Amino acid sequence: MTLILISSCRLIQKTHQKTHVKKISKEITKLPKSFIGFSVYDLEENKPLIQINDEYYFTPASNTKILTLATYLNLNLKKIPSFQYIKENNQLHLIPLGDPTFLHPEFKIQPGYSSLTSLLTDSLILHPPLMPIPHYGPGWSWDDYNYYFQLERSWLPIFGNRVVVQPSMGSVTVSPSFFTPYINFEAIKKYRDPEYNIFNYPNKSLSQNKKNYIPFKVNNELIKKLLMDTIHANIILGPPKALGKGSLIQGPMIQPILKKMMFESDNFLAEQLLINAQRIEGYETQKEYIQHLKSSLFATLPDPLIWVDGSGLSVYNMNTPRNFVKTLEIIFNMITWDEIKELFPNKFSDENFYDIFIYAKTGTLRHNQALSGYLVTRSGRKLAFSFLSNHYTVSPSKIRAETKKILINNTIK
């Protein structure tokens, strides 16, 4: 009799779930001219709950940062490694590790800089990597070079690889000040020359609240000059050097950096953190490192990763909803729930949804949206979900509203 009752309960539960999925599928088909993939996984019972087109590939945009987050969390570091160094004959040989926070204006605490200056003696020899780091990722839009969201990548990021122009008390402050002579404030349009660090920055475009910055063009000589202008020391640009076993200079605590990357969807931080992880692990190229990750950390993903950058700027990235759900499960088993809530934005937190909580990362490229993360149901169950929408032609706000409605109204108890 007991077995019959248990079997009956399971049958009712499965029937209810099928009806539930069918209802959601109908709602998804009503979304205007959009291809949708939706996957939901119960993290406590270790089983899939909803699988709608979840085996198909989508353009994930900034949901790619979830892969970067998992990669960096897997290193299990408290502080970000900034440099390797070797002292020889009163000279400091420095191998940068791609730390994005070095002299970054939004990271006021600079332990890496303090440690570096305390080690200086006669001269500092900077060693680039054996393999050059491309300034742009594969598949990035070439004409976005002028915008704040597509800062160049480099082996030694400095000042966030950007020129900040800020109005203050009737005057304008330029940081780093090195670039002041190269800015035209009488220009008509904000613009940087594609090949040179010559900037047009009209006064009328300046705002106290907006991001008043433009990417600068990175090259090895400029890195040397900016560092020399800051630490006022003799700097020599040395030959490329392999990653070795030198002593380590560490930067700030890693948790706030990861949080900023996730909450602000900071492309520069995401790119440099993947480069930083790559160099810490001893890989000279990102392609080799990603291949290593595919066969190690992400070996259990159900579908092959099509992954080329850290931020999701590239249109070459493709991923499946069920891959994201599995990645979220990997993160769930890697850190505490409190840490997850610290790293994933609490979506829709300004509205009352009867004790439903969604901690998730957004992703947006033209005609593509993504939302992947964790959902806590009314009964307290923790679910991982991924909702990917591609190729729509309507307003992005309409897709966002429908996504929210499907997530909230159809939450499994």
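Above this note sits the structure.
None of the values given here were measured: they were computed from a predicted structure.

S.K.: I would appreciate a short explanation of helix H8 (residues 321-332) in the present structure.
M.R.: Because each turn of an α-helix spans 3.6 residues, side chains separated by three or four positions in sequence point in the same direction. The first and last C-alpha atoms of H8 sit 16 Å apart over 12 residues, in line with the 16 Å expected at 1.5 Å per residue. Most of H8 sits inside the fold, with 10 of its 12 residues counted as buried. For H8, the set of buried residues is Pro321, Asn323, Phe324, Val325, Thr327, Leu328, Glu329, Ile330, Ile331 and Phe332. Of the surrounding secondary structure, the elements contacted by the buried residues of H8 are strand S1 (35-42), helix H2 (65-73), helix H9 (337-343), strand S16 (368-376) and strand S17 (382-390).

S.K.: It is not clear to me how the pairing of S1 should be interpreted in this structure. Could you clarify?
M.R.: Look at any regular strand and the pattern is simple: side chains alternate between the two faces of the sheet. A large share of S1 lies buried, amounting to 7 of its 8 residues. With 8 bridges joining them, S1 and S17 adopt antiparallel strand pairing. Note that in S17 the partner of Ile36 across the bridge is Ser389. With 5 bridges joining them, S1 and strand S2 (residues 47-52) adopt antiparallel strand pairing. Considered in S2, the bridge of Val40 is made with Ile50.

S.K.: Looking at this structure, how should I read the nonpolar core?
M.R.: Note on soluble globular proteins: their nonpolar side chains tend to be buried together. Of all hydrophobic cores here, the largest spans 47 residues; its most connected members are Leu69, Leu258, Phe298, Ile331, Phe344 and Tyr374. Every element with two or more residues in this core is listed here: H2, helix H5 (254-264), helix H6 (267-280), helix H7 (286-294), H8, H9, S16 and S17. Among residues more than four places away in sequence, those in contact with Leu258 are Leu69, Tyr72, Leu73, Leu273 and Leu343. By size, the runner-up hydrophobic cluster in this structure holds 35 residues, among which are Leu119, Leu124, Ile133 and Val174.

S.K.: So what exactly am I meant to see when it comes to the packing of H6 against H7 here?
M.R.: Two numbers describe how H6 lies on H7: the axes approach to 10 Å, and their chain directions differ by 80°. The angle between H6 and H7 falls in the class roughly perpendicular. The segment H6 lies against H7, with Leu274, Ile275, Ala277 and Gln278 engaging Gln286, Tyr289 and Ile290. Looking at the contact of H6 with H7, its residues break down into 5 nonpolar, 2 polar and no charged.

S.K.: How do you make sense of the pattern of salt bridges when you look at a structure like this?
M.R.: Pairs can form between side chains of opposite charge once their charged atoms are near each other. One pass over the structure, following the stated rule, counts 13 salt bridges. Measuring nitrogen to oxygen at the nearest pair gives 2.3 Å for the salt bridge that ties Lys260 to Glu106. Residue Lys260 is located in helix H5, and its partner Glu106 is located in the loop between strand S4 (91-96) and helix H3 (111-119); the two are separated by 154 residues in the primary sequence. A relative accessible area of 12% places Lys260 in the buried class. Residue class for Glu106 comes out partly exposed when judged on its relative accessible area of 37%.

What counts and how
- Residues numbered from 1 in each chain as written.
- Predicted model: local features only at pLDDT ≥ 70, side-chain atom pairs only at ≥ 80, totals over all residues.
- Heavy atoms only, no water.
- Helix = DSSP H or I, 4+ residues; strand = E, 2+ residues; numbered from the N terminus.
- Expected span 1.5 Å × (residues − 1).
- Buried < 20%, exposed > 50% of the residue type's maximum accessible area, 1.4 Å probe, protein only.
- Contact = heavy atoms within 4.5 Å.
- Pairing = 2+ DSSP bridges.
- Core = buried A, V, L, I, M, F, W, Y, C linked by side-chain atoms within 4.5 Å.
- Axes fitted to C-alpha atoms, helices over the stretch in contact; angles between N-to-C directions.
- Parallel < 35°, antiparallel > 145°, perpendicular 65-115°, else oblique.
- Nonpolar A, V, L, I, M, F, W, Y, C, P; charged D, E, K, R; others polar.
- Salt bridge = Lys/Arg side-chain N within 4 Å of Asp/Glu carboxyl O.

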